[in-house]
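The primary structure of each chain is shown beneath.
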Amino acid sequence: LLQLYQPLNFFGVVYREIKQSLTDIESLVTLLGVDREVADAPGAPALAVDGAELRFEGVEFGYDPRRPILKGVSFTVPAGKTVAIVGPSGAGKSTISRLLFRFYDVNAGRILIDGQNIRDVTQTSLRGAIGIVPQDTVLFNDTVFYNIAYGRAGASPAEVEQAARLAHIHEFVMGLPDGYQTMVGERGLKLSGGEKQRVAIARTILKNPAILLFDEATSALDTHTEREIQANLREVSRGRTTLVIAHRLSTVIDADEILVLDGGRVIERGRHAELLAAGGAYAALWTRQQDASQGVVPVAEALPEV
Ligand code: ATP
């Protein structure tokens, strides 16, 4: 694993962040093993981003070919719009984000960014165009400055501060004993979930990706943090093509389109109000989750049963 963090470049950030959304270390090792098999095509050009329309076309995929996970998934995130993917546990939501990063190649179908198949461009350019905002950010055991500046190698203090302002964390940082030089992380100052996420957002703003992947935490958060995170997402996703992987439903209400994934297929799609009115799987999921948040049904039980 050590070699992953050397050189300390963007890859490191992606891996750390992807790692956080994985449930166990075994998945990480599997992920790393597979990643080495995904290679750039000889002479592959860099991804040319113009607006960043994201399109999945008939995507089929299984970690093991004998067990298909995605069975023909198609959707488009128009440039600057937000699409959210919801569905029961194990439906294949996180798999979609792993395929977008090309940690694996699809078995059939295509994933296109501005019309370019992600298989045909360099992985560095692909991953450079995508920013992840995980909900449960783990910070480096380093300064606040370092944690934000990591978004772009060589960022100046003025740029870091500007990103922090946009992420609404600057005032908070200035109130810390050592300002941007305050040590955070496990061995430093413990930040709240919402504060940590704002640091991650500042890092993403600094990186300025055309595509944003918002991977919602599986664990439940308190209502206050949840609202804060929703507001953060709204702000950072403005004008960026955004894919929300929603393990719960709180962040999807504003999405331009919601896809309900079940058993590797999109079984419903539409906006929040339309889907509620339709009274189908989404409406059932929503009702159960509302009950869960009011303590009628535990969240963990509410999700798997669409
Ligand atoms: P959750 O909401 O619980 O996070 P999800 O919809 O994100 O679920 P995925 O993580 O995409 O689900 O997993 C879809 C299926 O793929 C699951 O059955 C899971 O067991 C399987 N899977 C995930 N990762 C791997 C892997 N590295 N190797 C083999 N199977 C995997």
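Located above this text is the structure these notes cover.
This structure is a prediction, so every number in the text was calculated from the model and none was measured.

The rules we used
Residues numbered from 1 in each chain as written. Predicted model: local features only at pLDDT ≥ 70, side-chain atom pairs only at ≥ 80, totals over all residues. Helix = DSSP H or I, 4+ residues; strand = E, 2+ residues; numbered from the N terminus. Contact = placed C-beta atoms within 7 Å. Buried ≥ 20, exposed ≤ 12 C-beta atoms within 10 Å, placed from the backbone. Core = buried A, V, L, I, M, F, W, Y, C linked by C-beta atoms within 7 Å. Pairing = 2+ DSSP bridges. Axes fitted to C-alpha atoms, helices over the stretch in contact; angles between N-to-C directions. Parallel < 35°, antiparallel > 145°, perpendicular 65-115°, else oblique. Nonpolar A, V, L, I, M, F, W, Y, C, P; charged D, E, K, R; others polar. Expected span 1.5 Å × (residues − 1). Arc of directions from axis to C-beta.

Undergrad: Would you mind going over the overall build of the protein chain with me for this structure?
TA: Check the secondary structure of the protein chain and you find 12 helices and 10 strands. Considering only contacts within the protein chain whose residues lie at least 6 apart along the sequence, 71% involve residues at least 24 apart.

Undergrad: Sorry if this is basic, but what is going on with unusual backbone geometry here?
TA: Glycine aside, negative phi is the norm for most residues, and most peptide bonds take the trans geometry. Positioned with a positive phi, Arg102 is a non-glycine residue whose angle comes to about 55 degrees. Accessibility expressed as a C-beta count within 10 Å gives 19 for Arg102, which makes it partly exposed. Phi is positive for His168, close to 55 degrees, though the residue is something other than glycine. Counting through the fold element by element, His168 comes out in the loop between helix H6 (157–166) and helix H7 (170–174).

Undergrad: Hey, could you run me through the environment of Gly279 in this one?
TA: Tracing the backbone shows Gly279 in the loop between helix H10 (272–278) and helix H11 (281–293). A tally of 10 C-beta atoms within 10 Å means that Gly279 is categorised as exposed. It is 31 Å that separates the C-alpha atoms of Gly279 and Arg98, two residues lying 181 residues apart in sequence.

Undergrad: What's the story with the nonpolar core in this structure? I'm lost.
TA: Across soluble globular proteins, nonpolar side chains show a tendency to be buried alongside one another. Ile148, Ala202 and Ile258 are the most contacted members of the largest nonpolar core, which totals 68 residues. Residue contributions to this core peak at six residues, all from helix H8 (residues 193–207). In this structure Ile258 touches Ala84, Val86, Val252, Arg269, Gly270, Arg271, His272, Leu275 and Tyr282, once residues within four positions along its chain are discounted.

Undergrad: Can you help me understand the pairing of strand E9 (residues 257–262) in this one?
TA: Looking down a regular strand, the side chains alternate between one sheet face and the other. The buried fraction of E9 is high, at five of six residues. For strand E3 (residues 82–86) and E9, the ladder comprises four bridges, and the chain directions are parallel. By the bridge assignment for E9, Ile85 is matched with Leu259. Following E9, the chain reverses through two residues before pairing antiparallel with strand E10 (residues 265–270); Gly263 in that reversal takes a positive phi of roughly 55 degrees.

Undergrad: Just checking my understanding: could you explain the packing of H8 against helix H9 (residues 223–237) for this structure?
TA: For any two helices packed against each other, the geometry is given by the interaxial angle and the distance between the axes. For the pair H8 and H9, the least separation of the axes is 10 Å and the interaxial angle reads 10 degrees. By the criterion of interaxial angle, the relationship of H8 to H9 is roughly parallel. Of the residues in H9, those in contact with Gly193, Gly194, Gln197, Arg198, Ile201, Thr204 and Ile205 of H8 are Thr225, Glu228, Ile229, Asn232 and Val236. A per-class count over the contact of H8 with H9 returns four nonpolar, six polar and two charged.

Undergrad: In this structure, what is going on with H9? I would like to understand it.
TA: Given 3.6 residues to a turn, an α-helix orients residues that are three or four positions apart in the same direction. A rise of 1.5 Å per residue sets the reference length of H9, with its 15 residues, at 21 Å; its end C-alpha atoms lie 21 Å apart and thus fit the reference within 8%. Buried within H9 are the following residues: Glu226, Ile229, Asn232, Leu233, Val236 and Ser237. One side of H9 holds all its buried residues, which, seen down the axis, span an arc of 120 degrees. Away from the buried face of H9 by more than 90 degrees, exposed residues Thr223, His224 and Ala231 are located. Buried residues along H9 sit against E3, strand E6 (130–134), H8, strand E7 (211–215) and strand E8 (241–245). Note on H9: the residue one or two positions beyond its end, Gly239, has a positive phi of about 75 degrees.

Undergrad: I keep staring at the sheet that holds strand E4 (residues 108–113) and nothing clicks. Help me out?
TA: As a general point, the strands of a sheet are linked pairwise by backbone hydrogen bonds and lie either parallel or antiparallel. Taken together, four strands build an open sheet; the order of strands is E2-E1-E4-E5 and the sheet is antiparallel. The two strands at the open ends of the sheet, each matched to only one other strand, are strand E2 (70–77) and strand E5 (116–117). One ladder, built from five bridges, connects strand E1 (residues 54–61) with E4; its direction is antiparallel. Of the residues in E4, the one forming a bridge with Leu54 is Ile113. Against the sheet, helix H3 (residues 93–100) makes contact with E1, E2 and E4, and its axis sits at roughly 115 degrees relative to E1, the strand it touches most.

Undergrad: Help me understand the environment of Ala91, please; the structure alone is not making it clear to me.
TA: The topology assignment puts Ala91 in the loop between E3 and H3. Using a count of 24 C-beta atoms within 10 Å as the deciding quantity, one classes Ala91 as buried. A C-alpha to C-alpha distance of 26 Å links Ala91 and Gln197, two positions 106 residues apart in sequence.

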